[in-house]
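# Fold and contact review
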Amino acid sequence: MALKKPCWALLLFAWALLVNANEAEPVFSYGENLPDLDPSLPAIRFVGDRDYPPIEWLEDGQAKGIFPSILPALAQAINRRIEYRLTDWKQAQQMVKAGQADVLTVFSPNSERIHDYDFVPSFLEFEMSLFVTSDNVTIHGLSDVKGLKVGVPKGSFLIDTLNQQSKADIVEVPDHQAGFEMLLAGQLSAFATNKWVGTYSIQKMGLTGIKFVKQPILTKPTHLGLKKGNDQLAKQLNSGVQELKLNGTIARLTQDWEKLEVIYLTQGRLENIYVLVGTTFVGLLLLISLFTIVLLKRRVKQKTHSLVEANQRLEQTLHLLQQTQEQLVQSQKIASLNALVVGLSHEINTPLGNAITLSSLFNEQTSALDQALSKGKDGIKLKQVMQISGQLNENTELLNSILKRLASLVNSFRSVALTQGDQHREKFDLAILIQQAVDNHSIKLEQQGVIVQVNVAEPIVLDSYCDSLALVLDHLVQNALVHGFAQTEQPQLTVNATLGNRQAIIEVADNGSGIPADDLPKLFDPFFTTSLGKGSSGLGMYIVYTLVTGLLGGQVKVTSEQGCQVKLTLPLCAPEAN
């Protein structure tokens, strides 16, 4: 009897630890708000495995899994309140055996359990499968594990099944993590467990290199475990489960959880999926590319047709414009020639009429002189001879002046004609040409006290018509001398030359009286001059415009701001002369 007291003390201590452990687990309640609930009936106490995902598990103080999702419907079906606790699975079994709980959640019968528990068919069906390494090609079922080490979760009903149906060397392991780690380490040839639980555990632990055998060991329904002899509770639970099956609640909840089932992929299946997805993606890309190419070809064809039509219309328009341009050019040439001829005729008519009048006067005076001389000594006096001689001298000087004016007009007209003729093309230094043009007028520039500045920033070589450009510069300097400085106290003439984008830019500017705004539009008209009757032909700027825009292939612009500014823009390489 002395030995029994310490044993009872140890049992009481263990019982206290068990009670304290139970008190630490959260308790979940279902059906407490049922309308027809009998408050005198105690709650049915369910207890399950806190680490059996995805069937049931405890996470962050919450019950999760398919089993707790069905308990509210079961409480309503049996019209009883249900209390649900998740704890260590071994401890859960002891709690039911000791009367601390009424029902074990997922509890399959075996040879040992049937002595202590009664079983009620539940609502879940499990596939029990073998898990092997991905490179295993020899194990396809239970017949292939003879003599091999096969791991089984400790206390699982599969121990009896494997002992009866195979001659494998059974190794009990504490949990799924240990079983899969031993499998990967080569300590086990296979690991037998619930397929759903096994795949979920592999996914959760992030393991690779494991696959399940397609042929299951067995497919069996799960059970609810009750303490032996509790027939009334067993009958009530069985009735509730059958009602849930009949009204479709179990099927609906199972389908909902099947949507959340963990899809387990072996490396080989994963590679096959990658290949399939990649092939599908490439195929889609090819289809999209082909479709895009067809669309692009169609659009290109349409655009090409539109472009061809537009090009034809443009060619027709261009041809029409060219014809119109040629007609305008011919009309402009005729109009210019007409204006030139009319102007020249007008300018020549006046001095020519004066010359004819003087010629008639010469005839009269010479006739009078002849008559006087024919009468001899007495017919003419010396005073009369001197008077006629003086008149003849005056008329001779006037005639010379008229002839010079005519010669100047003819030379100007000849200059206009030369702009349309053959010209000598050569390469020349622009700075030298500008200096020569200024030097040609150096005497008149000094006489009028004009300060001249020539600025050429860098060497500029033109492939153009040197004589024509020299004539242009000569006219510009001459215009400044004749028209610009009549009322200017300190006359200045500036010639600047700069290099642009394949162009030479020449600016000739003076600080003279400038050009009235009304006269600027007429500046390039033939025979237009602001110095009528002062010896100006009115052809200078016409010649400048004709040469610059024609033979030299450039542009000319005249402005008048505090004097006159003429800007010439010439290509470094002049176009070929027509």
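What this report covers is the structure whose coordinates are included nearby. (Residues numbered from 1 in each chain as written. Predicted model: local features only at pLDDT ≥ 70, side-chain atom pairs only at ≥ 80, totals over all residues. Heavy atoms only, no water.)

### Regarding the pairing of strand β4 (residues 56–59)
- Inspection of the sheet shows strand β3 (residues 51–52) paired to β4 by two bridges, in the antiparallel sense. Following the sheet pairing, Tyr52 is matched in β4 by Glu56.
- Remark: three residues form the turn of the hairpin made by β3 and β4, two consecutive strands paired antiparallel.
- Linkage of β4 to strand β5 (residues 62–64), two consecutive antiparallel strands, is achieved through a turn of two residues, within which Asp60 is found at a positive phi near 55°. (Pairing = 2+ DSSP bridges. Helix = DSSP H or I, 4+ residues; strand = E, 2+ residues; numbered from the N terminus.)

### Concerning the sheet that holds β5
- Taken together, the three strands give an open sheet; going across it, the order is β3-β4-β5, and neighbouring strands pair in antiparallel fashion. Looking at which strands have only one partner, the edges of the open sheet turn out to be β3 and β5.
- Two elements, β4 and β5, share three bridges in a ladder whose sense is antiparallel. Along β5, the bridge assignment pairs Leu58 with Ala63.

### Some remarks on helix α5 (residues 176–184)
- Of the residues making up α5, those classed as buried are His176, Ala178, Gly179, Phe180 and Leu183.
- Looking at where α5 begins, the residue whose side-chain oxygen comes 3.3 Å from the main-chain nitrogen of Gln177 is Asp175. (Buried < 20%, exposed > 50% of the residue type's maximum accessible area, 1.4 Å probe, protein only. Polar contact = N/O pair within 3.5 Å; in protein donor to acceptor, adjacent residues only side chain to side chain.)

### Details of the nonpolar core
- In terms of nonpolar packing, the biggest core is built from 54 residues, with Phe46, Ile55, Leu74, Leu130 and Leu237 touching the most fellow members.
- Residue contributions to this core peak at nine residues, all from helix α2 (residues 66–78).
- Leaving out residues up to four positions away in the same chain, Leu130 has contacts with Ile139, Gly141, Leu142, Val145, Val150, Ala190, Phe191, Ala192, Lys211, Phe212, Val213 and Ile217. (Core = buried A, V, L, I, M, F, W, Y, C linked by side-chain atoms within 4.5 Å. Contact = heavy atoms within 4.5 Å.)

### Quick word on the environment of Ser289
- Relative to the assigned elements, Ser289 resides in helix α9 (residues 267–374).
- According to the relative accessible area criterion, Ser289 is partly exposed, its value standing at 34%.
- At 2.6 Å, the side chain of Ser289 forms a polar contact with the backbone oxygen of Leu285.

### Some points on the sheet that holds strand β20 (residues 564–571)
- Strand order in the open sheet formed by five strands is β15-β17-β18-β20-β19, and the pairing between neighbours is mixed. Every interior strand has two partners, whereas the edge strands, β15 (451–456) and β19 (555–559), have only one. Within this sheet the neighbouring strands show an average axis-to-axis angle of 10°, counted without direction.
- For β19 and β20, the ladder comprises five bridges, and the chain directions are antiparallel. Paired with Thr559 across the strands is Gln565, a residue of β20.
- Strand contacts of helix α11 (residues 430–439): β15, β17 (492–499) and β18 (503–510), with the helix running at about 170° to β15, the strand carrying the most contacts. (Axes fitted to C-alpha atoms, helices over the stretch in contact; angles between N-to-C directions.)

### So, helix α13 (residues 466–484)
- Here α13 is 19 residues long and its end C-alpha atoms lie 26 Å apart, about the 27 Å a rise of 1.5 Å per residue gives.
- Listed in full, the buried residues belonging to α13 are Cys466, Ser468, Leu469, Val472, Leu473, His475, Leu476, Val477, Ala480, Leu481 and Gly484. (Expected span 1.5 Å × (residues − 1).)

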